[in-house]
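# Coordinate inspection notes
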Amino acid sequence: MGGSTHPIESPMKQLAKAWILLMLCAAILAPFFLAHKASEMNFLNALTAPSLKHWMGTDSLGRDLLSRVLWGASVSLGVGFLAVACSVILGVMIGSIAGYGGKWWDRLLMGFSDVMLCFPVFFLILAVIAMLGPGVWKVALIIGATSWMSTARLIRAEIFSLKEREFVLAARGFGAGRFWILQRHLIPNALSPVLVNAVLSFSAAVLMESGLSFLGIGVQPPTPSWGNILMDGKATLGVAWWLLFFPGMMIFLTVLSINTLGENESHRN
Amino acid sequence: MPILEVKNLSKRFAEHDVTALDNVSFQVNEGETLGILGESGSGKSTLAKILMGFLNPDRGDIYFSGKNKQIIFQDPLLSLDPKMRVEAILKEPFQIKKISDKHFLGKKIRELLSLVELPEAFLTRYPAELSGGECQRVAIARALSQDPDLLICDEPVSALDLLTQAQILNLFLKLQKNRRLSLIFISHDLKVIHHMSDQVLILKSGRVCERDDPYAQELLANKLSPSYNN
Ligand SMILES: Nc1ncnc2c1ncn2[C@@H]1O[C@H](COP(=O)(O)OP(=O)(O)O)[C@@H](O)[C@H]1O
Ligand SMILES: [Mg+2]
């Protein structure tokens with residue numbers, strides 16, 4: 001913050017940035033251009049290896065894998081984004097109340113957060129999906145609703161160190177209420193570490209979605225996500241390596257890139 | 001006529017086993033300046049925070065007969081929200097009171113800036129882009145926006161260089177003359193206290209030190225120099 005000297009970016013970071021940009025473009029454009037191509041079946045063409053016509057080959061229904069992987073980017077990244085947005089909003093709200101709502105709220109909410117942290121989240125997600133059924137939005141919201149705890153802790157800790165600062169006291173001297181002080185002073189000043197954390201949880205959310213979809217309880221076919229394309233590929237493992245390799249690579253490179261960017265940020269702070 | 005009367009104020013920080021204030025009584029007369037002198041850790045800031053209502057005392061009474069009291073802090077940069085521009089900082093007290101008329105606010109803010117002798121160009125700056133003295137002027141302007149009749153200044157020049165100290169002290173004196181402001185002026189610096197005060201209160205380990213106390217006599221004779229690390 002306020003620092004105007006930018007260190008020269010490492011090539012690793014530049015690559016990471018480029019990859020993320022590419023994926024974002026794919027995620028935004030794919031649904032407009034590739035929806036038809038990605039669902040077009042051609043059984044005569046099933047399970048063909050990568051070629052000039054199908055750069056990543058075709059799947060067992062003869063669909064073009066490149067189109068499906070790019071469309072999958074919009075689903076996987078969209079789920080990740082929604083999950084993180086949901087977790088940041090929840091985390092900021094809960095952390096703010098814990099940090100500035102008085103001892104009683106602090107104990108209650110941090111106790112709740114500890115319980116959530118001890119809980120095996122994956123099984124919680126499984127249980128919820130078993131009850132509500134799978135679906136793109138549900139997966140995103142459930143991931144968000146079970147991953148707000150670190151954000152809440154960060155916000156609370158920041159607020160604890162900010163709330164006796166002079167500029168906060170000054171606002172109290174002008175008659176500002178708790179809500180005013182939270183939204184005008186405490187949250188804006190507490191937010192930067194949370195945003196770095198959000199970048200890292202974005203990659204965790206992408207992984208979680210892939211995992212759930214791979215198990216068949218996340219995003220449901222025919223909507224492609226990187227996770228469920230991988231799951232499809234599992235059936236033909238010995239025959240068609242490309243069905244595992246390309247979506248796997250997408251997940252790997254994207255998560256790696258996001259973490260590279262997030263790592264650099266958290267070193268700087 | 002006293003504008004503020006404080007009787008038997010005590011405050012202990014139990015978790016650190018510190019008695020910050022012990023049975024402190026004094027009064028501030030309307031339009032006058034009470035200087036509070038004391039070394040680091042003698043309870044000056046605790047007293048200021050209690051007077052502003054930021055902390056609750058364990059015991060004691062505070063009678064304030066004015067309309068509004070405001071505080072100026074020691075560290076000018078920490079007094080201003082780093083994420084807000086000067087304009088937003090000066091507007092905030094009005095917005096808290098739900099005054100949002102653009103024309104009125106614009107006029108008010110220009111008035112306040114000229115009171116503290118800052119150019120309008122500073123409105124778009126962030127606190128980090130101002131010097132310590134300029135930050136302190138913004139904090140003073142913000143406090144004046146409330147038309148206070150009592151201003152509590154907790155070491156307002158201790159963080160500034162000597163030249164800026166003199167400028168800010170003179171600004172306080174000028175404002176006091178023009179606005180019938182009562183001041184509580186806290187400092188560990190005897191020269192500053194002499195320059196500013198009509199009455200002087202000496203604090204030592206949370207207690208009021210009477211004039212005939214050897215510590216007070218030595219201090220006022222400037223034989224002791226209070227520690228400067230706060
Ligand atoms: N929030 C607090 N919790 C515990 N002890 C405190 C707190 N604030 C001040 N103190 C203690 O109270 C004493 C008086 O502090 P303070 O009023 O800041 O002194 P001064 O402003 O004169 O330097 C010090 O010993 C300080 O350590
Ligand atoms: Mg102090």
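Residues numbered from 1 in each chain as written. Chains lettered and ligands numbered in written order. Predicted model: local features only at pLDDT ≥ 70, side-chain atom pairs only at ≥ 80, totals over all residues. Heavy atoms only, no water.

## Brief notes about the overall build of chain A
The cut-off we apply is this: By the criteria applied, helices consist of DSSP H or I runs no shorter than four residues and strands consist of E runs no shorter than two, each listed in order from the N terminus. Summary of the burial criterion: residues with accessible area below 20% of their type's maximum are buried, those above 50% are exposed, and those between are partly exposed, where the area comes from a 1.4 Å probe applied to protein chains only. Contact definition: two residues touch when any of their heavy atoms are within 4.5 Å. Per-residue accessibility takes into account occlusion by the displayed protein chains alone, with areas from the Shrake-Rupley method and a 1.4 Å probe. His residues and chain termini do not enter the charge count, which takes Lys and Arg as positive and Asp and Glu as negative. The atoms used to mark charge sites are NZ of Lys, CZ of Arg, CG of Asp and CD of Glu.
Along the backbone of chain A there are 11 helices and zero strands. Sequence-ordered secondary structure for chain A, helices as α and strands as β, is α-α-α-α-α-α-α-α-α-α-α. Dimensions of chain A, computed from the C-alpha atoms along their principal axes, are close to 75 × 50 × 30 Å. Looking at chain A as a whole, 45% of its 269 residues are labelled buried. For chain A, the proportion of contacts with a sequence separation of at least 24, taken over those separated by at least 6, is 70%. For chain A, the computed accessible surface area is about 13,600 Å², with 73% contributed by carbon and sulfur atoms. One way to put it: in chain A the 18 positive side-chain charges average out to a point 6 Å from where the 13 negative ones average out.

## Let's talk about the overall build of chain B
Keep this limit in mind: In this setup the radius of gyration rests on C-alpha atoms only. A globule is expected at 2.2 Å times the number of residues raised to 0.38.
Secondary structure summary: chain B contains seven helices and nine strands in total. The C-alpha atoms of chain B give a radius of gyration of 18 Å, which matches the 17 Å a tight globule of 230 residues would have. Expressed along its principal axes, the backbone C-alpha trace of chain B runs to roughly 55 × 40 × 35 Å. A buried classification covers 47% of the 230 residues belonging to chain B. Across chain B, every contact between residues at least 6 apart in sequence was considered, and the portion connecting residues at least 24 apart equals 72%. Between the centroid of the 29 positive side chains of chain B and the centroid of its 30 negative side chains there is a distance of 5 Å.

## A closer look at the pattern of salt bridges
For the record, the criterion: The rule for a salt bridge is simple: a side-chain nitrogen of Lys or Arg has to be within 4 Å of a carboxyl oxygen of Asp or Glu.
Applying the stated criterion across every chain yields a total of 16 salt bridges over all chains. Between arginine 207 of chain B and aspartate 22 of chain B there is a salt bridge, with its nearest N and O atoms 3.1 Å apart. Residue arginine 207 of chain B is found in strand E9 (residues 207-209), and its partner aspartate 22 of chain B is found in strand E2 (residues 18-29); the two are separated by 185 residues along the sequence. Taking relative accessible area as the criterion, aspartate 22 of chain B reaches 25% and is therefore assigned partly exposed. One salt-bridge network, held together by shared partners, links Asp59, Arg63, Arg68 and Asp232 of chain A.

## Notes on empty space enclosed by the protein
Stated precisely, the cut-off is as follows: Detection works on a 1 Å grid of protein atoms alone, calling trapped sets that fit a 1.4 Å probe cavities and calling open sets with protein on both sides within 12 Å along at least five of seven lines pockets, with lining residues defined by an atom within 4 Å of a point. Grid points are joined across faces, edges and corners, and a volume is the space filled by probe spheres set on the points. Each residue is assigned to one of three groups, with Ala, Val, Leu, Ile, Met, Phe, Trp, Tyr, Cys and Pro labelled nonpolar, Asp, Glu, Lys and Arg labelled charged, and all others, Gly among them, labelled polar.
Tallying each qualifying case throughout the model produces one cavity of 30 Å³ or more. Considered as a void within the structure, the largest cavity measures approximately 60 Å³ in volume. Taken together, Ala170 and Phe174 of chain A together with Gln70, Ile71, Ile72, Phe73, Ser79, Ala139, Arg142 and Ala143 of chain B form the lining of the largest cavity. Elements with a minimum of two residues in the lining of the largest cavity: strand E5 (69-72) and helix H4 (132-144) of chain B. Residue composition of the lining of the largest cavity, grouped by class: seven nonpolar, two polar and one charged.

## Some thoughts on the interface of chain B and chain A
The condition is simple: By convention, the term buried area covers the 1.4 Å-probe accessible surface removed from two parts as they join, with the contributions of both added. A 3.5 Å cut-off defines polar contacts: any pair of N or O atoms within that distance qualifies, except that in protein one atom must be a possible hydrogen donor and the other a possible acceptor, and neighbouring residues in sequence count only when both atoms are side-chain atoms.
Of the residues lining the interface, 21 residues belong to chain B; the matching set on chain A comes to 17 residues. On the chain B side of the interface with chain A, the three residues burying the most area are Phe54, Lys83 and Ile96 of chain B, jointly 32% of the side's total. Linking chain B with chain A are zero salt bridges, by the criterion used here. Applying the counting criterion to the chain B and chain A interface returns nine residue pairs in polar contact (both at pLDDT 80 or more). Secondary structure elements with two or more residues in the side of chain B that touches chain A: helix H1 (44-52), helix H2 (86-96) and H4 of chain B. Here the side of chain B that touches chain A gets four residues from one element, more than from any other, and that element is H2 of chain B. Residue composition of the side of chain B that touches chain A, grouped by class: 10 nonpolar, five polar and six charged.

## Quick word on the packing of aromatic side chains
The condition that has to hold: Centres within 6.5 Å make a pair out of two Phe, Tyr or Trp rings, where for Trp the six-membered ring is used; the pair is then stacked when the planes are under 30 degrees apart, edge-to-face when over 60, and tilted otherwise. By definition, being over a ring means that NZ of Lys or CZ of Arg is both within 6 Å of the ring centre and within 35 degrees of the ring normal.
Under the definition given, this model contains nine aromatic pairs over all chains. A ring pair is formed by tryptophan 104 of chain A and tryptophan 105 of chain A, whose centres lie 5.7 Å apart and whose planes are at 90°; its orientation type is edge-to-face. Tryptophan 104 of chain A gets classed as exposed once you look at its relative accessible area, which sits at 60%. A centroid spacing of 5.2 Å and a plane angle of 80° characterise the contact between phenylalanine 245 of chain A and phenylalanine 246 of chain A, whose relative ring orientation is edge-to-face. The exposure class of phenylalanine 246 of chain A is buried, given its relative accessible area of 16%. Every member of this aromatic cluster is reached through a ring pair, and the members are Trp241, Trp242, Phe245 and Phe246 of chain A. The side chain of lysine 69 of chain B reaches across the aromatic face of phenylalanine 64 of chain B, ending 4.8 Å from its centre. In this structure, arginine 125 of chain B is placed above the aromatic ring of phenylalanine 122 of chain B, and the distance from its NZ or CZ to the ring centre is 4.4 Å.

## Some details on the nonpolar core
We apply this condition: Put simply, buried Ala, Val, Leu, Ile, Met, Phe, Trp, Tyr and Cys residues joined by side-chain atoms within 4.5 Å make one nonpolar core.
Counting 84 residues, the largest nonpolar core has Trp226 of chain A together with Leu4, Phe26 and Ile184 of chain B as its most contacted members. The element that contributes the greatest number of residues to this core is helix H9 (residues 178-214) of chain A, accounting for 12 residues. Residue contacts for tryptophan 226 of chain A: discarding those within four places in its chain leaves Met23, Val69, Gly72, Ala73, Ser76, Leu77, Val206, Pro247, Met250, Ile251 and Thr254 of chain A.

## Quick look at the sheet that holds strand E4 (residues 59-64) of chain B
Residue and element names in this part refer to chain B. For the record, the criterion: Strand pairing is assigned whenever DSSP detects at least two bridges linking the two strands. Fitted lines through C-alpha atoms give the axes, limited to the stretch in contact for helices. The angle between two N-to-C directions lies from 0 to 180 degrees.
Ordered in space as E2-E1-E4, the three strands form an open sheet in which the pairing is antiparallel. Single-partner strands in this sheet number two, and they are E2 and E4. For this sheet, the mean angle separating the axes of adjacent strands, direction not counted, is 15°. Relative to E2, strand E1 (residues 2-13) runs antiparallel, the two being bridged by eight bridges. Each bridged residue has a counterpart across the sheet, and for valine 6 the counterpart in E2 is phenylalanine 26.

## Quick word on the packing of H2 of chain B against helix H3 (residues 102-115) of chain B
All names here are of chain B. Cut-off, in case you're wondering: Whether a crossing is left-handed or right-handed is set by the direction in which the near helix is turned from the far one by less than a right angle, anticlockwise for left-handed and clockwise for right-handed.
Their axes nearest at 10 Å, the elements H2 and H3 cross at an angle of 115°. Note that H2 runs across H3; the crossing there is right-handed. The residues of H3 that touch H2, namely those facing Glu87, Leu90, Lys91 and Phe94, are Phe104, Leu105, Lys108, Ile109, Leu112 and Leu113. Residues belonging to the contact of H2 with H3 are distributed by class as follows: seven nonpolar, no polar and three charged.

## Quick word on the confidence of the model for chain B
A low pLDDT score tells you not to read the predicted coordinates there in detail. Residues and elements named next belong to chain B. Where we set the bar: Scored between 0 and 100, pLDDT is the confidence that the predictor attaches to each residue.
With 96% of its residues at a pLDDT of at least 70, chain B reaches an overall mean of 91. Considering only residues more than four positions removed or in separate chains, one finds that residues 225-230, a stretch of pLDDT under 50, has 14 contacts. Predicted complex metrics record ipTM = 0.90 and pTM = 0.83.

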